[in-house]
Amino acid sequence: MGGTLAAAPGFDFADPFDLGIVFIGVAVFAAVGALSHQHERAFSASLIYLGLGALAAVAINVLGVGWIDVLRDASVIEHLAEAAMVMALFSAGLKLDRAITFREWATVGRLLLLAMPITIALAAALGALLLGLSAAGALLLGAALAPTDPVLAGDIGVGPPGEEDEHEPNFALTAEAGLNDGLAAPFVLAGVYLAQQGGADWTLEWLVADVLYAIAVGIAVGAAIGLLAAWSVKRLHSREMLIGTFDGFHAIATALVIYGVTESLAGYGFLAVFAGGLAFRRYEADHEINESVHEGSERLEKLLELAIILVLGSMLTRDGLGAPGWAGWLLAVLLLIAVRPLSVMLALVRSRMDQPGEKAFVAWFGVRGVGTLYYVALIAGAGVLAPAEQTLVVWTAVAAVLVSIVVHGITAGPSMRRLLARRGREADASGVRLRPAPAPSSPRAR
């Protein structure tokens, strides 16, 4: 008889696969508890996921289980991170109510056009000076570390559609994270060109194909399909051909179609799904379907967040953690305490964000996470760097993500409370009454 027996004859305890199933169940239980009380704790849910993943890494090592390797299995990490980013970016676009005008998005423009290139340049310079990377390796490391993360920055961004006012720092962090994951791609591709061809003969092709064309296609396709999806779902609702229970699945379908079509046309899919979420939201901004569609996308986003952080923790090894050396870990810390703050403070000089506390908030929370993991997996899969340099770049980026998850995870709650308290004092001084925050029992309570 073919197939695999559910149980082997005799005593056969502690099969690794069965233990893995138990661990996944425990992890989901922990995730439910963490997300249910994420705004009542001093740390974020991602810290719990990372801790569980690290425990799994210990068990994997003890049991001698063959497991995912961040270099050998780069394509697995790439696609898992890709899926998480697609849903997170569409969800981020759905959250934002602000009118799309130059003035309203000026802060975000500064963060993208000034802070991100400065971050890439400084991180690349540190990579060359501290790690001895080649020009291509340094550029690839800087580009991979550039994007901030909409998945892990949920606690400090804006809330669901229509739930709260979009204060400038929270809006800036959400919109920046929604856009810079796609806009980091041209810099990564520039690093690939440099590694493969050297020189500067490739710059015109890069500018036309990988900057102008790919960005334009991403925005256009995302906006067009987002508007079409919003029109279709609302017409189907009005004719009672679609019930609200399945609105969340519509978000999944829309995000996947946008991403697939855009990538097929050689555009930037990450940029497209964020633009699609924005367009969907604006078709009928006050429609109740926006909230239910967002809830569906956010649930899948949280599940994928759990998966990618668990996998990240489970891949940690002594050799991997030692690969960056003291210089790589120093770079990871400097990215957090110096590179990001300096680049943001320079970008926001004489901006509309005139409160020092708000600028410091935005400067501190440049959360690195799933976007960085996606790009380093892409770099590893491309195989354009020498093996030793590739290992150094990948594990230094992983170190930066680990530092960010721990430090930003611990500081997110207290920082948000201080920011809200400051707003309350300013409102009292000006005589303006702020709308009260949602009750603590709300899953998005601030």
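Here the structure is shown first, and the text comes after it.
Residues numbered from 1 in each chain as written. Predicted model: local features only at pLDDT ≥ 70, side-chain atom pairs only at ≥ 80, totals over all residues. Heavy atoms only, no water.

(A) Here's a closer look at the nonpolar core. Core analysis: the biggest nonpolar cluster contains 107 residues, and Trp 105 and Leu 312 have the highest contact counts within it. Setting aside chain neighbours within four positions, we find Trp 105 in contact with Leu 96, Arg 98, Ala 99, Ile 100, Phe 171, Ala 175, Leu 179, Phe 274, Leu 278 and Arg 282. Grouped together as the second largest cluster of nonpolar side chains are 15 residues, Leu 111, Leu 348, Ala 363 and Phe 365 included. (Core = buried A, V, L, I, M, F, W, Y, C linked by side-chain atoms within 4.5 Å. Buried < 20%, exposed > 50% of the residue type's maximum accessible area, 1.4 Å probe, protein only. Contact = heavy atoms within 4.5 Å.)

(B) Structural view of a nonpolar patch on the surface. On the surface, Leu 204, Leu 207, Val 208 and Leu 212 cluster together to form a nonpolar patch covering roughly 380 Å² of accessible area. On the basis of relative accessible area, Val 208 is assigned to the partly exposed category, the value being 46%. (Patch = residues over 30% accessible without salt bridge, like charges linked within 9 Å, V, L, I, M, F, W, Y side chains within 5 Å. Areas by Shrake-Rupley, 256 points an atom, 1.4 Å probe, with all protein chains shown as cover. Salt bridge = Lys/Arg side-chain N within 4 Å of Asp/Glu carboxyl O.)

(C) Up close: the environment of Leu 189. Considering the arrangement of structural elements, one finds Leu 189 in helix H7 (residues 185–197). Once the C-alpha coordinates of Leu 189 and Leu 140 are considered, the two residues, 49 residues apart in sequence, prove to be 8.3 Å apart. (Helix = DSSP H or I, 4+ residues; strand = E, 2+ residues; numbered from the N terminus.)

(D) Spatial organisation of unusual backbone geometry. Unlike most non-glycine residues, Ala 266 shows phi in positive territory, near 65°. Here Ala 266 is to be found in the loop between helix H9 (247–264) and helix H10 (269–283). Of note in this structure, Arg 350 is not a glycine but carries a positive phi near 60°. Here Arg 350 is to be found in the loop between helix H13 (325–347) and helix H14 (356–364).

(E) Quick look at the packing of helix H5 (residues 135–145) against helix H15 (residues 370–382). The N-to-C vectors of H5 and H15 enclose an angle of 150°; their axes lie 8 Å apart at closest approach. In terms of orientation, H5 lies roughly antiparallel with respect to H15. Contact with H5, carried on its side by Leu 140, Ala 144 and Leu 145, involves Thr 372, Tyr 375, Val 376 and Ile 379 of H15 and no other residues of that element. (Axes fitted to C-alpha atoms, helices over the stretch in contact; angles between N-to-C directions. Parallel < 35°, antiparallel > 145°, perpendicular 65-115°, else oblique.)

(F) Region of interest: helix H2 (residues 45–63). Between its first and last C-alpha atoms H2 spans 27 Å; for 19 residues at 1.5 Å apiece the expected length is 27 Å, and the two agree. Positioned one or two residues after H2, Gly 64 has a phi angle of 65°, which is positive. (Expected span 1.5 Å × (residues − 1).)

(G) Up close: the side chain of Arg 281. Relative to the helices and strands, Arg 281 resides in helix H10. From its side chain, Arg 281 meets the backbone oxygen of Leu 94 in a polar contact 3.2 Å long. (Polar contact = N/O pair within 3.5 Å; in protein donor to acceptor, adjacent residues only side chain to side chain.)

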